[in-house]
Amino acid sequence: IVAQLLDRLTAAGKTVSHVDPSSSAALGVAKSLKDLTETFDAVNLCANPKVGEAVVQDMNELGVQNVFVQPGAQSPELKQKVEDAGKTWYEGCVLVELR
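Here is a short report on the structure shown in this document. (Residues numbered from 1 in each chain as written. Predicted model: local features only at pLDDT ≥ 70, side-chain atom pairs only at ≥ 80, totals over all residues. Heavy atoms only, no water.)

Examining the pairing of strand β2 (residues 66-69)
Phase 1 of the analysis: In the sheet, strand β1 (residues 42-45) pairs with β2 via four bridges, with the strands oriented parallel. Paired with V43 across the strands is V67, a residue of β2.
Phase 2 of the analysis: Regarding the hand of the β-α-β motif, the stretch spanning β1, helix α2 (residues 49-62) and β2 is right-handed.
Phase 3 of the analysis: For β2 and strand β3 (residues 88-91), the ladder comprises four bridges, and the chain directions are parallel. Along β3, the bridge assignment pairs V67 with W89.
Phase 4 of the analysis: Note on the crossover from β2 through helix α3 (residues 76-84) to β3: the handedness is right-handed. (Pairing = 2+ DSSP bridges. Helix = DSSP H or I, 4+ residues; strand = E, 2+ residues; numbered from the N terminus. Right-handed = clockwise from strand over helix to strand, strands pointing away.)

Focus: the sheet that holds β2
Phase 1 of the analysis: Taken in spatial order, the three strands of this open sheet run β1-β2-β3, and their pairing is parallel. Each edge of the sheet is formed by a strand with only one pairing partner; in this case those strands are β1 and β3. Strand-to-strand, the axes of this sheet are offset by a mean angle of 20 degrees, without reference to chain direction.
Phase 2 of the analysis: Each of β1 and β2 is contacted by α2, which is oriented at about 175 degrees to β1, the strand it contacts most.
Phase 3 of the analysis: Sitting on the sheet, α3 touches β1, β2 and β3, and the angle it makes with β3 is about 145 degrees. (Axes fitted to C-alpha atoms, helices over the stretch in contact; angles between N-to-C directions. Contact = heavy atoms within 4.5 Å.)

Some thoughts on the nonpolar core
Phase 1 of the analysis: L33, V43, L45, V55, M59, V67 and W89 are the most contacted members of the largest nonpolar core, which has 15 residues in total.
Phase 2 of the analysis: At the level of secondary structure, the elements contributing two or more residues to this core comprise β1, α2, β2 and α3.
Phase 3 of the analysis: Sorting elements by how many residues they give to this core places α2 first, with three residues.
Phase 4 of the analysis: Contacts of W89, omitting those with residues within four sequence positions, involve V67, V69, Q74, S75, L78, K79 and V82. (Core = buried A, V, L, I, M, F, W, Y, C linked by side-chain atoms within 4.5 Å. Buried < 20%, exposed > 50% of the residue type's maximum accessible area, 1.4 Å probe, protein only.)

This is the structure:
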């Protein structure tokens, strides 16, 4: 699914960076938003909500304002953290939205 998301966003003209905090991430893939050198204005969250909590913390530190949350990555607690931080929460499937 992640490869499809990256391809679809790129095809839609978006500049995309892949971040994967898991130990199985491919060589050269950033482990954290803080590892990226370019600036960005949104995060497409495609991970379980526990991972999402760390991502939201990085967003706060980096000043990123928008998060698009894929099905399965959302939780009421995560949404509350995003909203409490003054971020914009979008929920849905990018693969469907960009058809």
